[in-house]
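# Commentary on secondary and tertiary structure
Chain by chain, the residues run as shown.
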Amino acid sequence: MSSKLYIGVDIGGTSVKIAFIHDDGTILAKWEIPTRIENNGQYILTDIASSINEHVSKYNLDKSKLVGCGVGAPGFVDSKEGFVYQAVNIGWKNFDLSNRLKALISIPVFVENDANLAALGENWMGSGRQSNDLMCVTLGTGVGAGIISNGVLISGANGTGGEIGHITVNADGAPCNCGRNGCLETVASATGIIRLAIEALNRPEAGELKARFEAKGELTAKDVFDAAKNQDQKALEIVEYITKELGLSLSNLAIALNPERIVIGGGVSKAGQFLLDGIEKWFNHFSLGRTKEAVKFVIASLGNDAGVYGGAYLVKQNLKSKEIV
């Protein structure tokens, strides 16, 4: 086993996932710390650095074996500069993530959007199977995607490549956090699914959804899919709407990008094959014949570890390109 170790860091709105990972993808250690978002997230990096140093001591590691740290951050990221332009849910704006963290841990730091990082992780050690042309779609609190085309992760001119959650699916639709209306994220994220379910509660056909809400005072995306699996009429309508908008959006993207594999991840993906079947049905309905012949749909397999695997792989990629390793 290689003596090199990479640090993968995945910064989320509630927790930060961190791992030490060997060159072959074996995880030496992984853990989580809370994301302290107070005061515009000013404690997040010091917490990460302290935790890394604590675990270096805990595992009696030679710090010279830690060759780099790959970090995933939510929001708009300039991966070339390691700069976060805006990450609304943790309070960062015009934040020099790479240089700040490097100053704290004294090893190279590379930064990517969190959805892009998940795509790298799934493609390296998960369901992507090291595809040269891949879309990894994350359906969580928001909607994002990491896109790999001809073996290269697409970040775009200023870091917004892969922000598919902000494709407009209904110009007169619900308001989105980006300041516009009717983005895919307002429909296909966990938040959007819950909104659609709450709006349906007063309708006569809301049977099981209404019963679930009355029983516990809230609804989750899982409730919607579970009710749909039980053939609840309104839940089935919501799932049909969600999967239709996802299938249409992904088919349009696929016509441009011609991927060989589309990986569906994030919390909503726990609906499994039921969700996948619906997306694929509408994808095939809308897509160009030759385009759909190339695509295989799969559920992400790394779960919450995708980001830290992606962080490690980001370091491998960057150091290889710089001919350091």
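Coordinates for the structure precede this section.
Conventions we followed
Going along each chain's sequence as written, the residues are numbered from 1 onward. For a predicted model such as this one, the threshold for reporting local features is a pLDDT of at least 70, and the threshold for listing and counting side-chain atom pairs is 80 or more; totals across whole chains, interfaces and linings nevertheless cover every residue. Calculation of side-chain values draws on the structure's entire complement of heavy atoms; hydrogens and water are dropped beforehand. A strand pair is defined by DSSP finding two or more bridges across the two strands. Counting from the N terminus, the helices are the DSSP runs of H or I reaching at least four residues and the strands are the DSSP runs of E reaching at least two. All axes here are fitted lines through C-alpha atoms, helices being fitted over the stretch that makes contact, and every angle between N-to-C directions spans 0 to 180 degrees. The span expected for a helix works out to 1.5 Å for each residue beyond the first. Note on exposure labels: buried denotes an accessible area under 20% of the residue type's maximum, exposed denotes more than 50%, and partly exposed covers the range between, all computed with a 1.4 Å probe on protein chains only. When we speak of the arc, we mean the arc of directions from the helix axis to the C-beta atoms. In this scheme Phe, Tyr and Trp rings, the latter by its six-membered ring, pair at centre separations within 6.5 Å, and the angle between planes marks the pair as stacked below 30 degrees, edge-to-face above 60, and tilted otherwise. Here the word oblique covers every angle except those under 35 degrees (roughly parallel), over 145 (roughly antiparallel) and from 65 to 115 (roughly perpendicular). In this scheme, a crossing is called left-handed if the near helix is turned counterclockwise away from the far one by less than a right angle; it is called right-handed if the turn is clockwise. Any two residues whose heavy atoms approach within 4.5 Å at even a single point are treated as in contact. For this classification, Asp, Glu, Lys and Arg are treated as charged, while Ala, Val, Leu, Ile, Met, Phe, Trp, Tyr, Cys and Pro are nonpolar and the rest, including Gly, are polar. Any pair of cysteine sulfurs within 2.5 Å is marked as a disulfide. Residues belong to one nonpolar core when they are buried, are Ala, Val, Leu, Ile, Met, Phe, Trp, Tyr or Cys, and are joined through side-chain atoms within 4.5 Å. In the analysis that follows, any N or O atom pair within 3.5 Å is treated as a polar contact, provided that within protein one partner can donate a hydrogen and the other can accept it, and provided that, for residues neighboring in sequence, both atoms belong to side chains.

## A closer look at the sheet that holds strand β6 (residues 83-87)
The sheet built from three strands is open, its strands ordered β5-β6-β7 with antiparallel pairing. At either end of the open sheet lies a strand with only one pairing partner, and these are β5 (76-78) and β7 (92-95). When strand polarity is set aside, the average angle formed by the axes of neighbouring strands in this sheet is 15 degrees. Relative to β6, β5 is paired through three bridges, and the arrangement is antiparallel. Bridge assignment links V77 to a residue of β6, and that residue is V84.

## Some remarks on helix α2 (residues 44-58)
With 15 residues, α2 extends 21 Å from end C-alpha to end C-alpha; this agrees with the ideal 21 Å at 1.5 Å per step. Within α2, the full set of buried residues consists of I44, L45, I48, A49, S51, I52, H55 and V56. For α2, the angular spread of the buried residues around the axis is 165 degrees, confining them to a single face. Exposed side of α2, more than 90 degrees from the buried face: E54, S57 and K58 are the residues found there.

## Brief notes about the packing of aromatic side chains
Inspection of every chain in the model, using the stated rule, returns eight aromatic pairs. When the centroid spacing of 5.1 Å and the interplanar angle of 75 degrees are considered together, the rings of F20 and W31 count as edge-to-face. Of the two residues, F20 is situated in strand β2 (residues 15-22) and W31 in strand β3 (residues 27-34); the sequence distance between them amounts to eleven residues. Of the two residues, F20 and W31, neither departs from the other in class, the shared state being buried. Between W282 and F286, the aromatic rings sit 5.8 Å apart at their centres with planes inclined by 25 degrees, giving stacked as the arrangement. Placement of both W282 and F286 in helix α10 (residues 273-286) is noted, with a separation of four residues, approximately one turn of the helix. The exposure class of W282 is buried, given its relative accessible area of 14%.

## What about the packing of helix α9 (residues 233-257) against α10?
Contact geometry of α9 with α10 gives a least axis separation of 7 Å together with a crossing angle of 50 degrees. Here α10 runs oblique to α9, going by the angle between their axes. As for how α9 packs across α10, the hand of that crossing is right-handed. The segment α9 lies against α10, with L236, V239, E240, T243, K244, L246, G247, L248, L250, S251 and A254 engaging F274, L275, G278, I279, K281, W282, F283 and F286. Looking at side-chain class alone, the contact of α9 with α10 contains twelve nonpolar, four polar and three charged residues.

## Some thoughts on unusual backbone geometry
Non-glycine residue N94 carries a positive phi angle of around 50 degrees. Along the chain, N94 falls in strand β7. The backbone phi angle of R129 is positive, close to 55 degrees, even though this residue is not glycine. Mapping R129 onto the fold places it in the loop between α4 (114-125) and β9 (134-139).

## Describing the state of the cysteines
Two cysteines form a disulfide when their sulfur atoms are joined by a covalent bond. Evaluation of the coordinates by the stated rule reveals zero disulfides. Here C136 is not cross-linked by a disulfide; its sulfur's nearest cysteine counterpart is in C176, at 20 Å. Note on C178: no disulfide assigned, nearest cysteine sulfur contributed by C183 at a separation of 3.7 Å. Residue classification places C178 among the partly exposed positions, given a relative accessible area of 36%.

## Observations concerning the nonpolar core
Counting 40 residues, the largest nonpolar core has L250, I262 and I264 as the members making the most contacts within it. Where this core is concerned, the elements lending two or more residues are β9, β10 (143-149), α5 (185-188), α6 (190-199), α8 (221-229), α9, β12 (261-265) and α10. Looking at this core, the element that brings in the most residues is α9, giving eight residues. Ignoring anything within four residues of it in the chain, the contact list for I264 reads V137, L139, L250, S269, L275, L276, I279, V298, I299 and A300. Counting 32 residues, the second largest nonpolar core, distinct from the first, contains V9, I11, W31 and I107.

## Some points on the side chain of S155
Within the element layout of this structure, S155 appears in the loop between β11 (152-153) and α5. In terms of polar contacts, S155 uses its side chain to reach the side chain of E112, at 2.9 Å. Those residues within four positions of S155 in sequence are excluded, and the remaining contacts are S79, E112, N116, T160 and G161.

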